[in-house]
Amino acid sequence: MKQIILTILSVVGSLSAQAQINDLPRTSPEAVGLRSAQVSAFFDSLLALPQTEIHSVIVMRSGKVIGELYPVPFRPEYKHTQFSCSKTFVAAAVGIAIGEKKLQLTDRLVTFFPEHLPKLVSWRLASITVEDLLTMRSGFTVDTQMRNVSRQWIRDYLAHPMNADPGKRFQYDSIDTYLLSAIVQKVTGMNVLDYLRQRVFKSLNITDVYWELSPEGIVTGGWGLYIQPESLAKFGQLLLQRGRWRGEQLIPAEWVDAMMREHVSRKDGDGYCYQMWRCGYPTASRADGAYGQYVVVVPRQDAVIVINQCNLAGGGRQFGYIWKTLFKGMHAQPLPPSDDYRLLLQRADSLPVLMGEPTHQLMGDYQGLTIRLDKNPLKWKALRFDADDVLMITDNRNVTARVLMGYQQWATSAVSIYPLNARYAVQNQFSTIRPPFHVGACYAWQGDSLQAKLHFVDWMGAVRLNMRFDADTVAITAQENYQKQPITIRGIVERPQETITTKTN
């Protein structure tokens, strides 16, 4: 136990030294016309959703944080992968470049990359504009596999088939955003992350931020941003304030208006803006990433809501909780102070831990032995238990991580193995995102089965392991939090060869 506590303190201390947390002002919900009980009810509703693990939530009104939630083992210091929330940051970079006269909405895609054009340039290809890319109406046939196999994304996509005239058909495609990222890099001489660091992030005091690069050395754009929750809240507040921050206009106000205005109406869902989605609530728009990464901006309520999570059920009910639970009864004037605020601050939420026994006689037979794993989606090569609560994991790169596992609590370890990732197949994954990562883990024996859960708390991936030991084999069932179906893995126990000593007379 002492070892676990010291490890946790060490990890937290190292993170706090570089994290941009507690920059935003805090106040009570009552001070800005909302009841603390409503914020708590909103948090309770999110935590109770099926097929959902909440990693962090921030609620802002009138420029101040009025509620935040980080269920253990998550913490405000941990960054989180954003998937398609990344797209909204690219749109901001495009708008800044337009404001600096380096770009126009009507500029044609082909003019930026003459060296990558196919021999025959069709009328459709020649017609694609920057605005077509912003609204996901490029006309390219969507291909989600190209980035998994190609190392020349621009060239290969410019030669890709088209199934619609540009500007006519909405087809959500992350490569449209990648092409915008490439255009910004071409006209500014900086990749999107460096450009935003200079134009936006420096003023917002956001330095602990990373973004994946393509094999071509270009920010991936449509995904790959890795950033802290409070930094997301700052960015959402910047959009709410029409690009202005502490007296400085960082993004042109008219561009922010255009980013959050509907440009594509859709009968089967929310309308699309510039790399954002319109919400089913007056004036509300959102950055939206896979598995439920949201930055919801609501000018009508002077509010910003940030959610990071792993959600397999979709966001419909969550948005309903924002409109109907959180916003219900909002007032323009402050409300009387309430003891509910103290309760809100004292919340101690946690993801569920595993229940069972702390040890089993079986462990004595396998402790210290290497378990070689068959090829598997986790990309793990071997396991070893150095103690009941210490799991050694060796990945396909032959990197080994020492993971402490808490019994009836979460323990956190810094590791150099890569996180479990739903998008492993993309070329150049983790190109600029370096270890250490952090794993929150717990374990328990349930009968003859060892249960363990490992959460990569500064990413989004988690796995629950069910391990059954039988002589020289270990049968493992692994349930990843971003997959509905479990996977099975066979492990072979490597036992030392018995040494036979012959006595010689």
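Structure: above.
Attention here is on the structure that accompanies the text. Everything quoted here is computed from the prediction, not taken from an experiment.

**A few points about helix α3 (residues 86-99)**
Phase 1 of the analysis: Compared with an ideal rise of 1.5 Å per residue, which puts 14 residues at 20 Å, α3 spans 21 Å between its outermost C-alpha atoms and is within 8% of the ideal.
Phase 2 of the analysis: Of all 14 residues making up α3, 12 are buried, and the element is well covered by its neighbours.
Phase 3 of the analysis: For α3, the set of buried residues is S86, K87, T88, F89, V90, A91, A92, A93, V94, G95, I96 and A97.
Phase 4 of the analysis: K101 sits one or two positions beyond α3 and adopts a positive phi of about 65°.

**Structural notes on the side chain of Q171**
Phase 1 of the analysis: The residue Q171 is located in the loop between α7 (153-158) and α8 (174-188) in this model.
Phase 2 of the analysis: Looking at Q171, its side chain comes within polar contact range of the side chain of N163, at 3.0 Å.
Phase 3 of the analysis: Once residues within four sequence positions are removed from consideration, Q171 is found in contact with M136, G139, F140, V142, N163 and D176.

**Digging into unusual backbone geometry**
Phase 1 of the analysis: In the segment running from V72 into P73, the intervening peptide bond is cis, with an omega of 15°.
Phase 2 of the analysis: Relative to the assigned elements, P73 resides in the loop between β2 (64-69) and β3 (80-81).
Phase 3 of the analysis: In this structure, P436 follows P435 across a cis peptide bond, with omega equal to 10°.
Phase 4 of the analysis: Among the secondary structure elements, P436 is positioned in the loop between β17 (411-415) and β18 (437-446).
Phase 5 of the analysis: The backbone phi angle of Y291 is positive, close to 65°, even though this residue is not glycine.
Phase 6 of the analysis: Along the chain, Y291 falls in the loop between β9 (285-289) and β10 (293-298).
Phase 7 of the analysis: Of note, K379 is a non-glycine position whose phi angle comes to about 65°, a positive value.

**Here we look at empty space enclosed by the protein**
Remark: the empty space left among the atoms is shown by a probe the size of a water molecule rolled over them.
Phase 1 of the analysis: Scanning the model with the defined rule gives three cavities of 30 Å³ or more in all.
Phase 2 of the analysis: Considering only enclosed or pocket space, the largest cavity measures out at about 60 Å³ in volume.
Phase 3 of the analysis: If you trace the largest cavity, you find it lined by T81, F83, E212, W223, G224, N421, R423, Q429 and W459.
Phase 4 of the analysis: Here the residues of the lining of the largest cavity sort into three nonpolar, four polar and two charged.

**Comments concerning the side chain of S449**
Phase 1 of the analysis: Within the secondary structure, S449 sits in strand β19 (residues 449-456).
Phase 2 of the analysis: Every residue in contact with S449, bar those within four places of it in the chain, is listed here: A444, N466, M467 and R468.

**Some details on the packing of aromatic side chains**
Phase 1 of the analysis: Scanning the entire structure with this criterion turns up 32 aromatic pairs.
Phase 2 of the analysis: Arranged with centres 6.3 Å apart and planes meeting at 75°, the rings of Y418 and F437 form a pair that is edge-to-face. Taken together, the residues span a long stretch of sequence, with Y418 in the loop between β17 and β18 and F437 in strand β18 at a distance of 19 residues.
Phase 3 of the analysis: By relative accessible area, F437 is classed as buried at 0%.
Phase 4 of the analysis: Through successive ring pairs, a cluster of aromatic residues spans Y210, Y226, Y418, F430, F437 and W459.
Phase 5 of the analysis: When the ring centre of W223 is taken as origin, the NZ or CZ atom of R147, which lies over that ring, is 4.3 Å away.
Phase 6 of the analysis: When the ring centre of Y418 is taken as reference, the NZ or CZ atom of R397 above it lies at 3.9 Å.

**Notes on the sheet that holds β10**
Picture the strands of a sheet paired through backbone hydrogen bonds; they go either parallel or antiparallel.
Phase 1 of the analysis: Taken in spatial order, the six strands line up as β2-β1-β11-β10-β9-β8 in an open sheet, and their pairing is antiparallel. Here the strands that pair on one side only, and so sit at the sheet edges, are β2 and β8 (277-278).
Phase 2 of the analysis: Relative to strand β11 (residues 303-311), β10 runs antiparallel, the two sharing five bridges. Bridge assignment links V295 to a residue of β11, and that residue is V306.
Phase 3 of the analysis: Contacting β1 (52-61), β10 and β11, helix α10 (residues 229-240) runs over the sheet at an angle of about 140° to β11.

About the thresholds
Residues numbered from 1 in each chain as written. Predicted model: local features only at pLDDT ≥ 70, side-chain atom pairs only at ≥ 80, totals over all residues. Heavy atoms only, no water. Helix = DSSP H or I, 4+ residues; strand = E, 2+ residues; numbered from the N terminus. Expected span 1.5 Å × (residues − 1). Buried < 20%, exposed > 50% of the residue type's maximum accessible area, 1.4 Å probe, protein only. Polar contact = N/O pair within 3.5 Å; in protein donor to acceptor, adjacent residues only side chain to side chain. Contact = heavy atoms within 4.5 Å. 1 Å grid on protein atoms, 1.4 Å probe; cavity = no way out; pocket = protein on both sides within 12 Å on 5 of 7 lines; lining within 4 Å. Points joined across faces, edges and corners; volume = space filled by probe spheres on them. Nonpolar A, V, L, I, M, F, W, Y, C, P; charged D, E, K, R; others polar. Phe/Tyr/Trp six-rings, centres within 6.5 Å; stacked < 30°, edge-to-face > 60°. Lys NZ or Arg CZ within 6 Å of the ring centre and 35° of its normal. Pairing = 2+ DSSP bridges. Axes fitted to C-alpha atoms, helices over the stretch in contact; angles between N-to-C directions.

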